[in-house]
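Survey of secondary and tertiary structure
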Amino acid sequence: MDNIEQIEKDFKELLSELEVYREAITLTQWDMRTKIPKNGVEQRSEVVGFLSEKVHQLETSEKMKYFIDLLKDSTQDEIVRKTVKECEEIYERNRKIPNDEFKEYVMLQSKSESIWQEARETDNFSLFQPYLEELVSYNQKFASYWGYEDNIYDALLHNYEPGVTTAMLDKVFPEVRKSLSSLLNKINQSSNKPDPTVLVGHFPKKDQEDFTIKILEQMGYDFSSGRLDETVHPFAIALNMNDVRITTRYDEKDFRTAVFGTIHEGGHALYEQNISKKLVNTPLATGTSMGIHESQSLFWENFVGRNKAFWDSNYELFQSYAPKHFQQLPLGEFYRAVNEVKPSLIRIEADELTYSLHIMIRYELEKALINDEISVSDLPHLWNEKMEDYLGIKPPTDREGVLQDIHWSGGDFGYFPSYALGYMYAAQFHNTMKTKLNVDDLIRNNQFDQIRNWLTENIHQYGKMKKPLEIIEDVTKEKLNPDYLVNYLTNKYSKIYNL
C-alpha cells in the first residue's frame, strides 16, 4: 500500500508538471487573441510550438506509460483511477502522432489564427485558403492515425464530443432542421412581428461594459478569479480554476452582441470556476465536452438572458446604462424586439431559433471537407448556397460568410456540432431543472445562486469525471432528446408571434 501511495504521489507530480506547461500555453494563446501586436505573431507561434511539443512528449513518454500500467488496475482512489483512464486515452491517441508533426501543426494553428484575422478584416479568403488547406490535411492525417469505424469525421468529433458519432448527428440534425424550418415559415407569415427598430441607437461601449459586468456579478462570475477583455471573436479560456477569463465584442450600434455574448461566455466561465477543487492539477479539471460546455453558456444566454423573467428584474438596471430613448420604451416591446426571429448572416448574432441552422451548415461543410467530397476552394460559394437554402439569405462578402468564425483557423474540425448539441442538452437540463426549482421565479428575483448551485451539483463539479452522454442520462434520466429544444422554441415563439 505504501508503494502505491508513493507511485500515486509521483504520478501527481508528473501531472502538475504537465499543468504548468498547459497554463503557459493557455496564457500565450489568450495574449495572441487579445493583446499581441501583429509583428509578434511569428515568434510567439514558435513559443507555443515549443511548449506544446513539451506537453506532447510528456503525455506520450515512457514515464507516463509506466504510471498508467502500474495504477490503472491497482489504485483505489476514484479520482486517480479516472485520471489514469483519461491519461491513457490521451497517451494512446497522441503517441500515434510524431513529435515533429505535432509541433508543426501547433505552430500552423497559431499562424493561421493571425492570418484568418487579417483575411477577415480585408475580406480576402485567398489569403487564408492555403493555411486552411494545410489544416484540413493535418486533420485528415491525424484522424487516420487515430482510426475510426464508420466515418473519418468520427475521429475528430471524438475530440470534442466523445460518444457522439456522425451517424447520430445525421439522424438528429435533419429532424431538428425540419421542425425549426417549419416554425420559421410560420413566423415569417405572422402579421404580429416585433419592431426591431426600437433597439436602434448609439450605445457607448463603456456603458455596455458596465451593464454586462453587473450581470456577470449577478450570475456569480468571480472577478477575483477572472477578467473581461475585448477581442474580435469572443471566447472563454481557463488558465486554471482561479484564473478563468472571458472576452466579448462591442457594437455601439447593436448592444445585443455584447450583452448576450458576454452572458454566453460567462456561462462557460461559471462551469470552469465551479469544478471540484479535488480535480486540481489533473486533466479532469475542465469541462467534459464542448457540447456540455455549450449547454452551460447557452443555458445562461437563452434560458436566462432572453427570458422575460430576466428582464422583469433587470430592465430598469439596463435603462440606467442605456441611451435615453430606452426610457420611454415599454418592457413588453423591448422583450419582443430582443427576441426577434430573423435569419442573420453572423452566427454569434443569430436569434435562438435560427442559431442551430448555422451550425448545421458548418457541420455539413466540414464533414464534406474531411471526407474529400469538396475542396477548400469550394467553400465560399458552397457556404453562400447553403445560407440561401437554410436561411434564405446570401452573404454579400466572405467576411460575413465563410470567414466569420475562428474555429477552422485553429484546426477545430469536429467542434461545430457541439454548439447545436449543447443547445439540445441545455433544453433537456432546463426541463429537468423546472421539476426541481421554480426557475422563472428565481430568475425574476435575481436569485441566480440557486440555479448556479443546481448546475454545479449536477454538472460543473464533475469536470471530466463523467462523459457527456453519462451526464445527460444521470441528470435527466433519459438519452439525448431534441424534442425539448423544439418544444421550448415552439412554445416561446408561438406566444411572441401570436401563432
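Conventions we followed
Residues numbered from 1 in each chain as written. Predicted model: local features only at pLDDT ≥ 70, side-chain atom pairs only at ≥ 80, totals over all residues. Heavy atoms only, no water. UniProt positions renumbered as here; feature names shortened; annotations may be inferred. Pairing = 2+ DSSP bridges. Helix = DSSP H or I, 4+ residues; strand = E, 2+ residues; numbered from the N terminus. Axes fitted to C-alpha atoms, helices over the stretch in contact; angles between N-to-C directions. Left-handed = near helix turned anticlockwise from the far one by under 90°. Contact = heavy atoms within 4.5 Å. Nonpolar A, V, L, I, M, F, W, Y, C, P; charged D, E, K, R; others polar. Salt bridge = Lys/Arg side-chain N within 4 Å of Asp/Glu carboxyl O. Buried < 20%, exposed > 50% of the residue type's maximum accessible area, 1.4 Å probe, protein only. 1 Å grid on protein atoms, 1.4 Å probe; cavity = no way out; pocket = protein on both sides within 12 Å on 5 of 7 lines; lining within 4 Å. Points joined across faces, edges and corners; volume = space filled by probe spheres on them. Domains from an automatic or database assignment. Buried area = accessible area lost by both parts, 1.4 Å probe.

Naming follows an unreviewed UniProt entry, where the protein appears as Metal-dependent carboxypeptidase of Virgibacillus salinus. Check the Function (unreviewed entry) section of the UniProt entry for the protein; it says "Broad specificity carboxypetidase that releases amino acids sequentially from the C-terminus, including neutral, aromatic, polar and basic residues." Taken from UniProt, the Catalytic activity (unreviewed entry) comment for the protein reads in full: "Release of a C-terminal amino acid with broad specificity, except for -Pro."

Here's the deal with the pairing of strand E2 (residues 236-240)
A regular strand places its side chains on the two faces of the sheet in alternate fashion. Two elements, E2 and strand E3 (residues 243-248), share 4 bridges in a ladder whose sense is antiparallel. Bridge pairing in E3 places Ile-237 opposite Arg-245. In this antiparallel pair of consecutive strands, E2 and E3, the connection spans 2 residues.

Focus on the packing of helix H11 (residues 290-304) against helix H16 (residues 417-436)
Axis separation between H11 and H16 bottoms out at 7 Å; the angle between their running directions is 60°. Seen from above, H11 lies across H16 with right-handed handedness. Contacts from Met-290, Gly-291, Ile-292, Glu-294, Ser-295, Gln-296, Leu-298, Phe-299, Asn-302 and Phe-303 of H11 reach H16 at Ser-418, Tyr-419, Gly-422, Tyr-423, Tyr-425, Ala-426, Ala-427, Phe-429, His-430 and Met-433. Grouping the amino acids of the contact of H11 with H16 by side-chain chemistry returns 12 nonpolar, 7 polar and 1 charged.

Observations regarding the UniProt feature "binding site: Zn(2+)" (unreviewed entry) in the protein
Listed under "binding site: Zn(2+)" (unreviewed entry) in the UniProt record, and renumbered for this structure, are His-264, His-268 and Glu-294. Across 31 residues, the annotated set stays spatially compact, with a maximum C-alpha separation of 8.6 Å. Structurally, His-268 can be placed in helix H10 (residues 256-273). If we ignore the near neighbours within four places in the chain, the residues touching His-268 are Ala-236, His-293, Glu-294 and Ser-297. Mapping Glu-294 onto the fold places it in helix H11.

Re the pattern of salt bridges
Scanning the model with the defined rule gives 34 salt bridges in all. Across the salt bridge formed by Lys-35 and Asp-229, the nearest N and O atoms sit 3.7 Å from each other. Residue Lys-35 is located in the loop between helix H1 (2-34) and helix H2 (41-59), and its partner Asp-229 is located in strand E1 (residues 228-230); the two are separated by 194 residues in the primary sequence. Glu-86 is the partner of Lys-467 in a salt bridge, and the nearest nitrogen-oxygen pair spans 3.9 Å. Taken together, the residues Lys-467 in the loop between helix H18 (448-458) and helix H19 (468-476) and Glu-86 in helix H4 (residues 78-94) connect sequence positions 381 residues apart. Using a relative accessible area of 10% as the deciding quantity, one classes Glu-86 as buried. Residues joined by salt bridges that share partners form a network here, namely Glu-86, Glu-89, Lys-464 and Lys-467.

Considering empty space enclosed by the protein
In this approach, a probe sized like a water molecule rolls over the atoms, and the result shows the empty space that is left. The final tally for this structure, using the stated rule, is 3 cavities of 30 Å³ or more. Considering only enclosed or pocket space, the largest cavity measures out at about 50 Å³ in volume. What lines the largest cavity is simply Arg-120, Val-232, His-233, Arg-249, Ile-346, Arg-347, Ile-348, Gln-404 and Asp-405. Split by residue class, the lining of the largest cavity holds 3 nonpolar, 2 polar and 4 charged. Counted as a void, the second largest cavity has a volume near 40 Å³. For the second largest cavity, the full set of lining residues is Leu-18, Arg-22, Glu-59, Met-64, Cys-87, Ile-90 and Tyr-91. Every element with two or more residues in the lining of the second largest cavity is listed here: H1 and H4. The greatest single-element share of the lining of the second largest cavity, amounting to 3 residues, is contributed by H4. For the lining of the second largest cavity, the residue count by class is 5 nonpolar, no polar and 2 charged.

Section: the domain arrangement of the protein
Each assigned domain of the protein is listed here: domain 1 (4-95) and domain 2 (125-201 + 268-499). Between the C-alpha centres of domain 1 and domain 2 there is a distance of 29 Å. Listed by partner, the interface residues are 13 residues for domain 1 and 14 residues for domain 2. For domain 1, the biggest contributors to the area lost against domain 2 are Ile-79, Glu-86 and Arg-93; these three give 47% of the whole. The interface formed by domain 1 and domain 2 contains 3 salt bridges. For the salt bridge of Lys-467 with Glu-89, the shortest nitrogen-to-oxygen distance reads 3.9 Å.

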